[in-house]
Amino acid sequence: IRQAEITFKSLLTAFSDVYEQQYAVALFNTVRYEIEGGGGTQSQLLHRKDPLAGRFIFSGSLFQYLEENRKWRNRFVSVPNSYIISLYESKTAHERGLHPKMTINCAGYKALTSMEEYMELINASLPVGNNPFIKCATEFPLILWHPYARHHYFCVMTEKEQKKWHAVLQDCVRHTNNGLPEESTVQTPAFTDALRLHRQAKGHYGTWDMMCGQPPQILANLVMETLHPELRNVIGPRLKGKMQQKQRNWMLISDAVYKQVLTQTTGQYDALAEACEAQRVSLDARLRTDMDQIITSKEHVNNKIRALVLPKAEQLLRNSVQPYISSILEALMEPTSRGFSEVREVFFRELVEISKNSLNGGGKEKLGEHMERLSMLAFHPVKMQSSYEKVEQLNLEGLQQRFDVSSPSVFVSRAQILMREQMDNAVYTFEQLLQQSLEAQGEEDMCKNIQRCQDRVLKKYDYDSSTVRKKFFREALLQIIIPYMLQQLSPTCSPELPRFKELIFEDFSRFLLVENLFEEVVLQSVSKDIMMAVKEAAVQRRHNLYRDSIILTNSDPNLHLLGENPSVDWATKFGGDELEGSVNVGGIEGGGSGKRRRQVVSMIQLDGVPLPYESCLEVPGVELIPEEDAEMSEGLEEDMGLPEDPKSPDSVNEIRDLINPVVEMVLPVSEESQSDATNGTEPTTGIVTMEDGVHEVVTHVTTVVDDVPSKSPREKSSPQTILQQLIGSKKQEAEKVEHQQEAAIKNAIEEIEIAVQEDDSERIAEVSATNSDYESSPKPPLATDSSYSGFQSPTNEGLDEGEPQPITNSLNGEDKIIDPVEVEVLLA
C-alpha cells in the first residue's frame, strides 16, 4: 500500500507539471486563432444547443444481482439526460423522488450480453478458469464490466428486452466516455496534450482505450494503468481461498483502490485547473501584447528544428508510412461511410412514415406524435443501433501492431458520436424548415410541404456528412501515424532538442516549448500525404465523398437565423394529449416533484407480463458455483455466521485485512508464567501449517490476557469429545443446508420458466419463497471464534484477581464450561 501511495503521488506530480506547461501553449494557440481568424467549411445543417432539455432517455425494470446477499432482485432503472444510471427499489420510489439505491457512471465500462465474454475479460485480469462465480437467473444476462471498478450484473426475461437494454447501456457508455467538452478551447487541448506527452515519456505511444469520461476519471485510469499491475503482482499470490473467492476478493480490492484514487484525482485536478485558470487573465494580456514577436520567434525556432528533423522524417515517411496510408484510409472509410448512410436511411424512413400519416388523413394530433418521436431520433439507442453496428465492423487488423493501435474502439466511438450529431442536426433542421413552411403557407397540402423540406434536408445532410467524414478520416490517420513516427524519431531527435531552448526568449518560454515544436514539424511532414489521400478519394467519389471545391452557397441564405429558434414542441403545437412516453420524474432528477418529462425510448412490453413491475420481485439467490468440495465449506461458512459477500473495503486497513488473514487461538499458561503475561503486539517470525496443508508465515503475535476460572473435573468435557461433537454437528447441518439450497434453486428456476410461458393475465410470481424457508431456519451455534481481519494470536496467560468469566459452549441444549487447559488448539 505504501508503494502504491508513492506511485500515485509521483505520477500526479509529474502530470501536473506537464499540464501547467501545456495550458500556456493551448492558450497561445487559442488567442492566435482568435486574432488571425480562419475556420473550416460552413455547416449546412443547423445545430441544436441543448437537444435533451426536458427529456428522459429510458426507464424500465430488470433484475439486478445483489452481491450483499447473492440474490437477484427486481429494480426500477431510470436513465436521465445525464446518462447516469439510477436504480430504485421500485417505480413508486422513483416517482416519489426518493434517493436511488445506486447510481452508475458508465465511463470506461463495457456492456456485455454473455458470461463467456465476461469470463474472457476477467481471466485477463486474474485467471480463474472458465467457471463463472455467479449464475444468471435467466438466459439473458447484461453485464457492465470495468477493468478497475466494480462490475454490475443484470438479467432480463426475453431476448427482446436484452437487445433493447443492451442498446441503452451501450449508449450510456458512449455518452459518458465522451466527457471532454469541445467548447473548452484551452482546458481540453491542454489536458489531452499533457496526457499524451506524459504517456509518451513512459514509453506509451499510440491510442489509449481508457481515455474515457471526464478529466478526473481519465487521470484515475492513468494512475491505475501503472498501479493495477503492481498491486496484482503483490496481492494476487497472497489471496486465500478457492479460485473464485480469490477473484471476488481481488475485485473488491481493485474497486476500493480505484475509488480512493478517483477521489484523490478529482480533488487534485480541480485544484490544478483552478490554479491555471487564475493565471489566464495575465497570460492572455501578455499574449495579445507580444503576439507578433512570439510568432516570429516560433517560426525561427521551427526552421532550426525542421532542418534537424525533416530529413529523417521524410525517409521514415517514404519507407514505412506512405505504402500504408491508402490501406488505412480504406479500412476507415468503408464501415464509417456505411454507418453514415444508414443514418440517412433511418432518417428517411421516419420522414416517409410522417408523409404516410399525412396522406392517410391521420390528423394533427397524430402528426404531433410522429414529430415528437422524430425530434429525439438521434438519441433513441434502439433505432440508431443499426447505424452504430455498421461502424463497429471497423477492423484495423494487420495495421494495429505496426502502428501501435491498441484497438479500433477509439475510432468507432468517435464515429458514432459524429453520426449522432449529424442525425440530430438533420432532425432539427427539418423541424425548423417545416415550422417555417407551416407559418408561411398554413397546414394545407401538408404532404407537399413535408416532401419539400425532406429533399432540402437530405441534400444538406449529404454535404455535411461528406465534410464531417473527411475531417474524421484526416484526424484518424494522424492519430495512427503521428505516434508511430514520434516513437521512431524520438531516440535520435529528442537528445538534440534541449539546445534549441537557447533560441527562445525567456519571456516567451512559457508559450513555446521545443517538445511541441518538434511534434509540429513531424505533423507537417505527413499532413500533405494525408490530405492528398483523402482528396483523391473525394475526387473519385468513393463512398459518396464530395470534392473540396464543391461548396453549397446561398442555398438557404437565411437558414442560419432559424438556428437561434428553440426546438418546436409539436405535442403542444398540434394540441395532442400527453404522450405515452412521458414519465413522472421525482424531485431528485426532475428538478421538482411531479414534473413530467418526455421519454425518448418507449417502455418494453412483454407478452404475458404487465410492465412496469409495481413491486420489487425476488428471484432465487444463486450461490457461487462450487469448485471441488466447496459445497461443504460454503455451508459451514453460513453456519458460522461469516458474511456472505463483503462490500468493497473503503480504507487502507480494510484492504490490508483482506490480504493478511488473522488466526485467533487460546493457549493456557502455567501459574509460574502468569506474572510475565502482558497485553501487546510483538513482531516475530515463524511458520504455521494450516488445515489445508498450506504453510503460512507468522509476522506478528498479539497477546490478550483473559481470566478463565477452573471447574471441577466432573464438569469438564474432554477436548476430543468436544471436537467430535462439533464436527458431527457441522456435517449434519452442512448436508441439510446443501439439500435445501439445491431444492430451492431447482424449484426457483422451474418457476421462472413457467412464468414466462403463462397467459397474458398472469404476473411474475415471487420465486424466492423457497429461499425464505431456508433463511428462517435456525442456525447452529458458533463452533469457533474465528475472524479474518489481520494476523494476530491472542494468548490466555493466567488469572488475575478480577471477577472470572467462564467460557461456555452450547451443544445439544446443554451448557458446558470448558477449561482452556484441556482444549487443543486447531488453526482453521
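- For the chain, the name recorded in an unreviewed UniProt entry is Niban apoptosis regulator 2a, with Dicentrarchus labrax as its organism.

**Topic: the overall build of the chain**
No. 1: From N to C terminus, the chain includes 21 helices and 14 strands.
No. 2: Put simply, the chain has 828 residues, and 48% of those count as buried.
No. 3: Restricting to contacts in the chain with at least 6 residues of sequence separation, those with at least 24 account for 78%.
No. 4: Here the chain has roughly 40,700 Å² of accessible surface; of this, 50% comes from carbon and sulfur atoms.

**Focus on the packing of helix H5 (residues 187-201) against helix H6 (residues 215-235)**
No. 1: Packing of H5 against H6 leaves a shortest axis separation of 12 Å and a crossing angle of 5 degrees. Regarding the angle of H5 to H6, the classification is roughly parallel. Residues Phe191, Leu195, His198 and Arg199 of H5 form the contact with H6, whose participating residues are Pro215, Ile218, Leu219, Leu222 and Glu225.
No. 2: In the contact of H5 with H6, the residues fall into six nonpolar, one polar and two charged.

**Side note on the nonpolar core**
No. 1: Tyr19, Val309, Phe347, Phe430 and Met485 are the most contacted members of the largest nonpolar core, which totals 160 residues.
No. 2: The element contributing the most residues to this core is helix H8 (residues 280-359), with 25 residues.
No. 3: Excluding its chain neighbours within four sequence positions, the residues that come into contact with Tyr19 are Gln187, Ala190, Phe191, Ala194, Tyr269, Leu272 and Cys276.
No. 4: Within the second largest apolar cluster, 18 residues are counted, among which are Phe63, Ile143, Trp145 and Met251.

**Overview of empty space enclosed by the protein**
Taking a probe equal in size to a water molecule and rolling it over the atoms shows the remaining empty space.
No. 1: Taken as a whole and judged by the stated rule, the model has six cavities of 30 Å³ or more.
No. 2: In this structure, the largest cavity occupies an estimated 80 Å³ of space.
No. 3: Listing elements by their share of the lining of the largest cavity, those giving two or more residues are helix H3 (115-125) and helix H7 (243-278).
No. 4: A per-element tally of the lining of the largest cavity places H7 first, with four residues.
No. 5: When the residues that make up the lining of the largest cavity are grouped by side-chain class, the tally is seven nonpolar, six polar and no charged.

**A few points about the pattern of salt bridges**
Side-chain pairs of opposite charge can arise where the charged atoms are in close proximity.
No. 1: With the rule as written, the count across this model stands at 28 salt bridges.
No. 2: A salt bridge links Glu182 to Arg414, with the nearest nitrogen and oxygen atoms 3.2 Å apart. Here Glu182 is found in the loop between helix H4 (159-177) and H5, whereas its partner Arg414 is found in helix H12 (residues 409-441), with 232 residues between them in sequence.
No. 3: What makes Arg414 partly exposed here is its relative accessible area of 28%.
No. 4: The partner of Asp255 in a salt bridge is Lys259, and the shortest N-O contact between them spans 3.4 Å. Here Asp255 and its partner Lys259 are both found in helix H7, four residues apart, which amounts to about one turn of the helix.
No. 5: Look at Asp255 and you get buried, because its relative accessible area is 3%.
No. 6: What you see here is one network of salt bridges that share partners, running through Glu34, Asp284 and Arg288.

**Looking at the environment of Ser509**
No. 1: Inspection of the secondary structure assignment puts Ser509 in the loop between helix H13 (446-493) and helix H14 (514-539).
No. 2: In the structure, Ser509 is positioned 485 residues away from Ala24 in sequence and 9.7 Å away in space, judged by C-alpha atoms.
No. 3: A polar contact is formed between the side chain of Ser509 and the backbone oxygen of Glu506, at a distance of 2.7 Å.

**Quick word on unusual backbone geometry**
No. 1: Positioned with a positive phi, Tyr83 is a non-glycine residue whose angle comes to about 65 degrees.
No. 2: Among the secondary structure elements, Tyr83 is positioned in the loop between strand S2 (71-80) and strand S3 (85-88).
No. 3: Relative accessible area serves as the criterion here: at 0%, Tyr83 is assigned to the buried category.

**Regarding the pairing of S2**
No. 1: Taken across its ten residues, S2 has nine buried, putting it largely inside the fold.
No. 2: Here ten bridges tie strand S1 (residues 55-66) to S2, and the two strands are oriented antiparallel to one another. Within S2, the residue paired with Phe56 across the bridge is Pro80.
No. 3: Between S1 and S2, which pair antiparallel in sequence order, lie four residues; one of them, Arg70, sits at a positive phi of approximately 55 degrees.
No. 4: By the bridge criterion, three bridges tie S2 to S3 in an arrangement that is antiparallel.

**Section: H5**
No. 1: A rise of 1.5 Å per residue sets the reference length of H5, with its 15 residues, at 21 Å; its end C-alpha atoms lie 21 Å apart and thus fit the reference within 8%.
No. 2: Those residues of H5 lying buried are Thr188, Ala190, Phe191, Ala194, Leu195, Leu197, His198, Arg199 and Gln200.
No. 3: The first or second residue beyond H5 is Gly203, which carries a positive phi of 90 degrees.

**Regarding the packing of aromatic side chains**
No. 1: Considering all chains together, one arrives at 16 aromatic pairs under this definition.
No. 2: Ring centres 5.6 Å apart and planes at 90 degrees place the aromatic pair Tyr118 and Tyr153 in the edge-to-face group. Taken as a pair, Tyr118 in helix H3 and Tyr153 in strand S7 (residues 152-156) lie far apart in primary sequence, 35 residues in all.
No. 3: Ring pairs connect the aromatic residues Phe15, Tyr19, Tyr23, Phe191 and Tyr269, which therefore count as one cluster.
No. 4: Its end group placed over the ring of Tyr388, Arg174 keeps NZ or CZ at 3.9 Å from the ring centre.
No. 5: Directly above the aromatic system of Phe340 lies the positively charged group of Arg469, at a separation of 6.0 Å from the ring centroid.

**Describing the packing of H8 against H13**
Each pair of packed helices gets described by two things: the angle between the helix axes and the distance between those axes.
No. 1: Between H8 and H13, whose axes approach to 7 Å, the crossing angle comes to 160 degrees. Of the possible angle classes, the one that applies to H8 and H13 is roughly antiparallel. Remark: the crossing between H8 and H13 carries right-handed chirality.
No. 2: Here the residues of the contact of H8 with H13 sort into 35 nonpolar, nine polar and four charged.

The rules we used
Position numbers for residues start from 1 in each chain and track the written sequence from start to end. Two thresholds apply to this predicted model, a pLDDT of at least 70 for residue-level local features and 80 or more for giving and counting side-chain atom pairs, whereas whole-chain, interface and lining totals are computed over all residues. Side-chain figures throughout are based on the complete set of non-hydrogen atoms in the structure, without hydrogens or water. Secondary structure elements follow DSSP: runs of H or I of four or more residues count as helices, runs of E of two or more count as strands, with numbering from the N terminus. Only protein chains enter the area calculation, which uses a 1.4 Å probe; residues under 20% of their type maximum are buried, those over 50% are exposed, and those in between are partly exposed. The contact rule is simple, with two residues in contact once any of their heavy atoms fall within 4.5 Å. For the area figures, the Shrake-Rupley method with a 1.4 Å probe applies, and any residue is considered shielded solely by the protein chains shown. An axis is simply a line fitted to the C-alpha atoms; with a helix, the fit covers only the stretch in contact. Between two such axes, the angle follows the N-to-C directions and lies from 0 to 180 degrees. Any angle that falls under 35 degrees is termed roughly parallel, while one over 145 is termed roughly antiparallel, one within 65 to 115 roughly perpendicular, and all others oblique. Each residue receives one of three labels: charged for Asp, Glu, Lys and Arg, nonpolar for Ala, Val, Leu, Ile, Met, Phe, Trp, Tyr, Cys and Pro, and polar for the others, Gly being one of them. Here the nonpolar core consists of buried residues drawn from Ala, Val, Leu, Ile, Met, Phe, Trp, Tyr and Cys, with membership extended through side-chain atoms lying within 4.5 Å. Think of a 1 Å grid over the protein atoms and nothing else: a 1.4 Å probe that fits but is trapped marks a cavity, an open set flanked by protein within 12 Å on at least five of seven lines marks a pocket, and residues with an atom within 4 Å of a point count as lining. Grid points are joined across faces, edges and corners, and a volume is the space filled by probe spheres set on the points. The working definition used for a salt bridge is a side-chain nitrogen of Lys or Arg within 4 Å of a carboxyl oxygen of Asp or Glu. Any N or O atom pair separated by 3.5 Å or less is treated as a polar contact, with the protein-specific requirement of one donor-capable and one acceptor-capable atom, and with residues adjacent in sequence counted only for side-chain atom pairs. Any two strands with at least two DSSP-identified bridges between them are counted as paired. Helix span, as expected, comes to 1.5 Å for every residue beyond the first. Pairing of aromatic side chains requires ring centres within 6.5 Å, counting the rings of Phe and Tyr and the six-membered ring of Trp. Pairs whose planes differ by under 30 degrees are stacked, by over 60 edge-to-face, and all others tilted. We call a charge positioned over a ring when the NZ of a Lys or the CZ of an Arg lies within 6 Å of the ring centre and within 35 degrees of the ring normal. Each helix crossing is assigned a hand: it is left-handed if the near helix lies turned anticlockwise from the far helix by less than a right angle, otherwise right-handed if that turn is clockwise.

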